[in-house]
Structures are given as C-alpha cells and as structure tokens.
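# Chain and residue survey
Chain by chain, the residues:
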Amino acid sequence: MSDIELPEKVEKTETRNTDDDKKSKVELPEEPSEKEQNRKKYPRGVFFLLGSKVCERFSYFCIRTVLTLYIVNKLDYSENNSAKIYHAFQIVIFSSPIVGAIMADVWLGKFWTILSISILYACGNMILALGAIPNTLTLMRAASIVGLSIIGFGNGGIKPIVSAFGGDQFKKGQEEMRQHFFALIYFAIKVGSLMANALSPTLKADIKCFGEATCFSLVFFISALLSVIALVLFAVGKPFYMIKPTEGSVLVSVLQCICNALYNKITKKGGKKEHWLDYADDQYDFVLKRDIERLSRILVIYIPLTLFWALYAQQFSKWVIQATKMDGKLTGGVYIKPDHMQIFNPILFLIMIPVFNWIIYPLLSKVNLCNTPLKRMAIGGFMCAFSYVITAFIQVRIEAELPLLPPEGEIEILVINNSPCFLEMRSPRLHNLNSFDSLSLYLPISKTSDWSFVPTDCGVSDAKKYLTNLNKTFNSMMVTLDDDDKLVIHVTNDTRKKPLSGDSLVRLVFSIDYEFTDKENVSFLIKGSKSTLFLFPDQILRPEKTGMTQYCSLIPGEYKLFLPLNEIDFEEEPIGKFAVDTGGSYTVSILQKEAWNITAMNTFITVQPNSVHRLWQVPQYVILTAGEVMFAITGLDFSYSQAPPSLKSVVQAMWYIPFALGNFLVVLLNSFTFERYSYEFFMYAALMASSMALFGILAYFYEYADSDEK
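First, a word on what this report is: a plain description of the structure on this page. Computed from a predicted model, the values in this text were never measured in an experiment. (Residues numbered from 1 in each chain as written. Predicted model: local features only at pLDDT ≥ 70, side-chain atom pairs only at ≥ 80, totals over all residues. Heavy atoms only, no water.)

## Observations concerning the overall build of the protein chain
- Helices and strands together make up the secondary structure of the protein chain, namely 20 helices and 18 strands.
- For 710 residues, the compact-globule estimate of 2.2 N^0.38 gives 27 Å, and the C-alpha radius of gyration of the protein chain, at 35 Å, exceeds that figure by more than 25%.
- Taken along its principal axes, the extent of the C-alpha atoms in the protein chain is 150 × 70 × 50 Å.
- Per-residue burial over the protein chain gives 50% buried out of 710 residues.
- Counting contacts in the protein chain only where the partners sit at least 6 residues apart, residues at least 24 apart contribute 74% of the total. (Helix = DSSP H or I, 4+ residues; strand = E, 2+ residues; numbered from the N terminus. Rg over C-alpha atoms; globule rule 2.2 N^0.38 Å. Buried < 20%, exposed > 50% of the residue type's maximum accessible area, 1.4 Å probe, protein only. Contact = heavy atoms within 4.5 Å.)

## Observations regarding the packing of aromatic side chains
- In this structure the tally under the stated criterion is 34 aromatic pairs.
- When the ring of Tyr559 is compared with that of Phe578, the centres are 6.0 Å apart and the planes differ by 25 degrees; the resulting orientation is stacked. Highlighted residues: Tyr559 in strand S15 (residues 557-562) and Phe578 in strand S16 (residues 576-580), separated in sequence by 19 residues. The same class applies to Tyr559 and to Phe578, which are both buried.
- One aromatic cluster is present, built from ring pairs that chain together Phe94, Phe308, Trp309, Tyr312, Phe316, Phe631 and Phe659.
- Here the guanidinium or amino end of Arg64 rests over the ring plane of Phe316, the centre of that ring lying 3.5 Å away.
- Directly above the aromatic system of Tyr361 lies the positively charged group of Arg376, at a separation of 3.7 Å from the ring centroid. (Phe/Tyr/Trp six-rings, centres within 6.5 Å; stacked < 30°, edge-to-face > 60°. Lys NZ or Arg CZ within 6 Å of the ring centre and 35° of its normal.)

## Some thoughts on the environment of Val389
- By secondary structure assignment, the location of Val389 is in helix H16 (residues 373-399).
- For the pair formed by Val389 and Gln620, sequence separation is 231 residues and the distance between their alpha carbons is 8.6 Å.
- The contact partners of Val389, leaving out residues within four places of it in the chain, are Phe682 and Ala685.

## Comments concerning the pairing of strand S17 (residues 585-593)
- For S17, the buried fraction is high: nine of the nine residues fall into the buried class.
- The two faces of S17 match: Ser585, Thr587, Ser589, Leu591 and Lys593 on one face and Tyr586, Val588, Ile590 and Gln592 on the other face are all buried.
- Where strand S9 (residues 504-516) meets S17, seven bridges bridge the pair, whose relative direction is parallel. Paired with Phe510 across the two strands is Ile590, which belongs to S17.
- Pairing of S17 with strand S18 (residues 598-607), which is carried by nine bridges, proceeds in the antiparallel orientation. (Pairing = 2+ DSSP bridges.)

## Considerations on the sheet that holds strand S3 (residues 431-433)
- Spatially, the four strands line up as an open sheet ordered S3-S2-S5-S6, and their pairing is antiparallel. A single partner strand is all that each edge strand has here, and the edge strands are S3 and strand S6 (463-466). In this sheet, neighbouring strand axes are inclined to one another by 20 degrees on average, regardless of whether the strands run parallel or antiparallel.
- Across five bridges, strand S2 (residues 422-427) lies against strand S5 (residues 450-456) in antiparallel orientation. (Axes fitted to C-alpha atoms, helices over the stretch in contact; angles between N-to-C directions.)

## Remarks on the state of the cysteines
- Scanning the entire structure with this criterion turns up two disulfides.
- Through a disulfide, Cys209 is tied to Cys215; the S-S separation comes to 1.9 Å. Here the disulfide of Cys209 and Cys215 is right-handed, its torsion about the S-S bond being about 115 degrees. With respect to burial, Cys209 and Cys215 carry one shared label: buried.
- Disulfide pairing places Cys421 opposite Cys458 at an S-S distance of 2.0 Å. Residues Cys421 and Cys458 share a disulfide whose torsion about the S-S bond is about 105 degrees; that sign makes it right-handed. Here the residue Cys421 occupies a position in the loop between strand S1 (410-418) and S2, and Cys458 occupies one in the loop between S5 and S6, the gap between them amounting to 37 residues. (Disulfide = S-S within 2.5 Å.)

## Details of the side chain of Asn260
- Relative to the assigned elements, Asn260 resides in helix H11 (residues 250-267).
- Asn260 sits in the buried class, given a relative accessible area of 13%.
- When near neighbours in sequence (up to four residues on either side) are disregarded, Asn260 contacts Tyr279, Ala280, Asp282, Gln283 and Tyr284.

## Section: the packing of helix H3 (residues 45-73) against helix H6 (residues 110-131)
- Here H3 crosses H6 at 35 degrees, and the two axes come no closer than 12 Å. In the packing of H3 onto H6, the handedness of the crossing is left-handed. Contacts from Glu56, Ser59, Tyr60, Ile63 and Tyr70 of H3 reach H6 at Tyr121, Asn125, Leu128 and Gly131.
- When the residues that make up the contact of H3 with H6 are grouped by side-chain class, the tally is five nonpolar, three polar and one charged. (Left-handed = near helix turned anticlockwise from the far one by under 90°. Nonpolar A, V, L, I, M, F, W, Y, C, P; charged D, E, K, R; others polar.)

## Overview of the sheet that holds S15
- In spatial order, the strands read S11-S10-S15-S16; together these four strands make up an open sheet with antiparallel pairing. Strands with a single pairing partner mark the edges of an open sheet, and in this sheet they are strand S11 (532-535) and S16. Sheet twist, expressed as the average angle between the axes of neighbouring strands with direction ignored, equals 25 degrees.
- Two elements, strand S10 (residues 524-528) and S11, share four bridges in a ladder whose sense is antiparallel. Bridge assignment links Phe524 to a residue of S11, and that residue is Leu535.

## Quick look at the pattern of salt bridges
- Within this structure, the stated rule accounts for 10 salt bridges.
- The shortest N-O distance in the salt bridge between Arg57 and Glu56 comes to 2.9 Å. There is no split in this pair, since Arg57 and Glu56 are both buried.
- In this structure, the salt-bridge partner of Glu412 is Arg496, at a minimum N-O distance of 3.6 Å. Residue Glu412 is found in strand S1, and its partner Arg496 is found in the loop between strand S8 (487-493) and S9; the two are separated by 84 residues along the sequence. In terms of burial, Glu412 and Arg496 fall into one category: buried. (Salt bridge = Lys/Arg side-chain N within 4 Å of Asp/Glu carboxyl O.)

## Description of the nonpolar core
- In terms of nonpolar packing, the biggest core is built from 100 residues, with Tyr70, Phe220, Trp309, Leu311, Leu374, Met688 and Phe695 touching the most fellow members.
- Counting residues per element, this core draws most heavily on H3, at 10 residues.
- Beyond its immediate chain neighbours, meaning those up to four positions away, Leu374 contacts Ile301, Phe638, Phe695, Ala699, Tyr702 and Tyr704.
- Membership of the second largest hydrophobic core comes to 24 residues, among which are Ile512, Ile555, Tyr559 and Ile590. (Core = buried A, V, L, I, M, F, W, Y, C linked by side-chain atoms within 4.5 Å.)

## So, helix H12 (residues 286-302)
- Across its 17 residues, H12 extends 25 Å between first and last C-alpha, which sits within 8% of the 24 Å expected from 1.5 Å per residue.
- Along H12, the residues classified as buried are Leu288, Lys289, Asp291, Ile292, Arg294, Leu295, Ile298, Ile301 and Tyr302. (Expected span 1.5 Å × (residues − 1).)

## A short note on the side chain of Arg64
- Structurally, Arg64 can be placed in helix H3.
- This buried residue, Arg64, is left without a salt bridge; Glu628 holds the nearest opposite charge, at 8.2 Å.
- Apart from residues lying up to four places away in sequence, Arg64 is in contact with Tyr86, Gln90, Ser193, Phe316 and Gln342. (Lys, Arg positive; Asp, Glu negative; His and termini not counted.)

## Thoughts on helix H4 (residues 79-95)
- In this model, H4 (17 residues) spans 24 Å end to end at C-alpha, consistent with the 24 Å of a helix rising 1.5 Å per residue.
- Every buried residue of H4 is accounted for by Glu79, Ser82, Ala83, Ile85, Tyr86, His87, Phe89, Gln90, Ile91, Ile93 and Phe94.

## Some details on the packing of helix H5 (residues 97-107) against H6
- Here H5 crosses H6 at 135 degrees, and the two axes come no closer than 7 Å. On the basis of the axis angle, H5 is oblique to H6. Once H5 is placed against H6, the crossing between them reads as right-handed. In this structure, H5 contributes Gly100, Met103 and Ala104 to the contact, and H6 contributes Lys110, Thr113 and Ile117.
- Along the lines of polarity and charge, the residues of the contact of H5 with H6 split into three nonpolar, two polar and one charged. (Parallel < 35°, antiparallel > 145°, perpendicular 65-115°, else oblique.)

Okay, here's the thing in structure tokens:
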C-alpha cells in the first residue's frame, strides 16, 4: 500500500509546489527574455545615420539657399540663364535616385553605395568651393558647373537608399520605432533646411573674403566641410549597422517584363490577349504582371504632377530674383536679405503639419470634404496655382516702378551741375539748371553732339564740348569747376538696371583739390556700420582732379564719405553723409575747392529704390506651403499605400521623376522670352490650374486598391 500511496503523496507535494510557484510568479514580475529586451533597444547604427543625414542636408541647403544669386552675381549669367542652370541642377538630383537604387540592389548593396556616392558628393562640394574663389570667369564657371553636376548626382543617388538602409536596422517587432525613425529623417531634412536658410545668406553678405564685398566661397567651404563630416559619421557607424546582402532589383524585373510583353505583342502572331502584359506569360508569373498593372495605374496619376513641382521649385530661383527687386528694410535698421525669404517654407511646413492633421483635416472630414488622398492633392495643386496668381500681382506692382526706356531713336542723359553756378544750357536744348542740381533729358541721338553751358553768378567762363560717341541708351554728364576755375564737362555711360544682389549701387562724380597720379593707387573711403569700401577713380587722364568712378554695390544703410590724403590716409572728418536704400542707384557729386572756400556733397537718385516690401511675399509662401502639405505628404502616403508590396520601393523612386520633369519643363519654358515676369507668372498659374483639372478627371476614374491588392 505504501508503495501505491507514496507516489500519490509525492504527486500532491509536487502539486503544492507548483501552486506555490504560480503564486510566486504572480507576486514577482517575470523578467523579460533577451529577445524582448533587444526589441526595446533602439539600434545604435541609426544614430550615426541621423547625424550623417542632418550634416548632409545642412550641406545641401547651404548651397541651394545662395545658389541662384551666386550664378547671377558671381558667374555673371543672366536671370533667365541662372534659372536654367539652377533647374538643370535639380534635374540631375531628381533623375539620379533610380540609378542609386539599382546600384544598391544589384551591385554594391546599400552600405557601400551610400559610402561611394557620399565620397563623390564630398568631392563635388570641394570643387564647387574652389570654383567660387575669385579667378577668371571661364575657370569659375567651369569649376562650378562640374561641381554642381557631381553634387547633383551624389545628392540624388543616395535619396532612396538612406531611408531604406535605416529601415533595415530595425527588427521584427520594432515597427513603431521604425515609424519614429522615418519621422526623424523628415525632421532632419527640415532642420537642415531651416539652419541653412538662416545662416547662409548672412555668411555670404556680412563676411568679406578675397577682397570682395561678399563671400560665397565661405558658404561653399562650410558646405564641403559638412559633407565630409556626414561621410565620416556614416563610415564610423559601420560596426553597428545591419548590412543585408543584395537581392537584385525589382525595377530591373519590371522593365524586363514590360519589354518582353511589348516585344511579344509586336512580333508574335496569335489570339488577342485580354491585357497587353499577358503577352509576357511565357516568362513572368501572374503576381508580377498584376503588380506592374497596379504600378501603371499609379504612374498615370503622376502625369499631371509635373506642373506642381515645376512651380514649387521656382520659389528657390524666380521667387528669389523677385525678392531682389523688393525692399527689405525693417525697423531699427535691420534688413531682410532676398535669399532669407526661403526660410518661411520650412518654418511654415513644420507648423502646418500638425495644424492640418489635428484641426483642418478632421473639420473637413465632418463635412465630407478632402476625404480621399487624391482630393487633398487636387486642392493642394489649386492652392499652388493661386500662390502664383499672388506672385504675378506682386510682380505687376514691382514692374510699375522699374525705370522706363527712352523712346526709340532717343537716349537719356542725366546732367549734373556740380558747381555753385547757375547754368543756362543753350545746346542741344534750352534749359536752366540751378547750382548743385540735376536734370534728366530725352534727346534724339542725332542732336547730342554739341553741348554749350553759360554760367552766371560765379564769374567763370563758358563751357562747350563736342561729343562724337554719345550713342548709349543711358548716359551721365557732370558740369563742374576745374583747377583753372573753368567749367568742364565729363561724360560717361550709365545704367538703369536694378542691382541683382538686392543691394544698392553708388558712383561718385568729383572735382577736388587732391591730384590723382599714375604713381599712386589712391581711393575714396566710404564707411558705414556694416560695410567699408575703397572706391577708385575710373578712366581719368592722370594727373587729374576731376572725374568719375564706376558703380559699386553697397549694403543698404547710412555711410560717411572721406576724401584721400595719400595712398593710406584719409581726411579725419567726412566731407558728408549719404544713405542708400534697397535696390536704389545713386550718384554722389563732390566739389572741394579751398580757393573758393567750397566743400559740397550732393546725392542724386538715378534709379528709385524698391518700394514693395519683401514681406508681401509671405502670403504666396503660406499658400504654396499649405499646398505642399496637402499635395506632397498626401502624395507620398498615396504612393506607398497604393503600391503593391513588391514595388513599394520602385514607386517611391518613381515619385521623384515628376520633380525632375518639372524642373526640365522650367528649363524649356525659360527658353521663351517674356516681356515681363508678371506675364510668366500668370502663365504658370493658368498651366497649373489646367493641370489640376486634368488631375481631377484622372482622380475621378481612379480605382483605389483593395486590401488584397495592397
């Protein structure tokens, strides 16, 4: 019996122990397994990726922020050609993601592709920085174009790979962490943009280098340094990365299947197939063909998107050029630089994302509006068109204050009386000119040869001059006293163009006691709180005490003018003060005659400064950025959700193609010459509205993928 009962007791004892164990398990929390602990750990390699991404984006946006003004002001391209070069640069960027994706999938793998292209990207930055150092124009242009081409390929080549490589670092069960990573990637892009938009224009304009008033080369060297730091950060993180082997490119399979289907349809005879992809039945399975059919439906929707990106990209080219013709003065002597206006896009974008997601979209959904991705995209596109309507009306106001050209067959002459005499101009036209005054004349070219001035109230002799080459559209003439107390006439070509930098232009006309000689390199000193300039006489027969200078660019503000004593020293007290405003062109006349006890300085405005303030551009930035939130973010989500699982990366790469085509379209449209920019902006608004109307029709007939297709 005991033998029979013993196991029973033992069994009961074991049962009690098991119950006790259960109680202890309830009372003490179970320690998580090693696998669960690993799932809660953020992959360490991701931090190197994010640091590299911030530096790379900062580097790129440093270039993009000042690129348009660099091409115009330093490479000396016209406004139209500068826009073409900028958008060609964008074409390279957004055409190369597919090349980079194929390299990563078929040949090198993601890590080595990113590393290789990043090295190329850093080299392109170095070439651009070296090309910005003042040299011959041909060399600067060649180095800059080569550098931009390499940067464009490097920047675009890693676009689709970095995010995918970052996603590879997360394991199963870390989906939420992966979503946070993609959000951080987008945040890094906007942070890089924000910092660059704030810093680059200031460095470019407020720091002088290589003897020039601006320092584009400093901005590009900082960009090059950041690209090297990005490269080093990415390479250092290699021991912490999860590197997957290449698996072949789905895009290659897609292209092969399409080519096979088209070839069989054209060359092989037989019964008609239900769908043209069915002609590839001999080599490709149903799943791939179904996915390609789904892809083709998405790509058809992409067709009208080209216009949106064409307009969106011009906020970094044509909108910057527009800002150079506007006033940037704020209170307290603070000025907004033209390229600083780009900062509104990233700031507004970061503000609008939560506003749309938490306020606008929920309110619209309650009234059954914007309840599908394509509806949101269509409204975003129409908002983009409306932003260009605002841009066009602002441009109309700017163009209303631009200097007018003289009638055909005539020229304009600005006559400056830089003397204490009252002048009677008898030829080529009768006019009276008060002392230290100016007069603007439109004259037929045939009547600009003989000039005669009769002075009164000053006891000097008449002045006469015969001119044989006064045939330029704009000219300036100074009538002044020479060292022999006689009236003399100086004539030079002039311009009425607005400075493309957005600053001011100043030139001097003078008659002073100091005698300029060929043996001395003597200048005038223009000194302000933000800028100091040494201005040398131009085209005078030395020794001479009267003459003119070329125009120089000045940052808007107040300045003091000092006369020279020798090559190094200047008079202790300024001869006078003058102020310049944004976009204005000024001629400053100086008369210094100790024998007559005269010291006079006067300022004449030859081109009126800008009156339309740059902050009037803010509404167009607000509307365009709101359109971008509705269009771009929704478009990315639409592309991902509607793409077949096997082709999601392909669709993400294809998303960049309309951007490249949009920039190509801008290059084509810039080949046409518009009489005014306002006409061009109205045209863009009309084209965008038409494009969105077509998009609305395609969206109406689009069939969203059901759960099986997704």
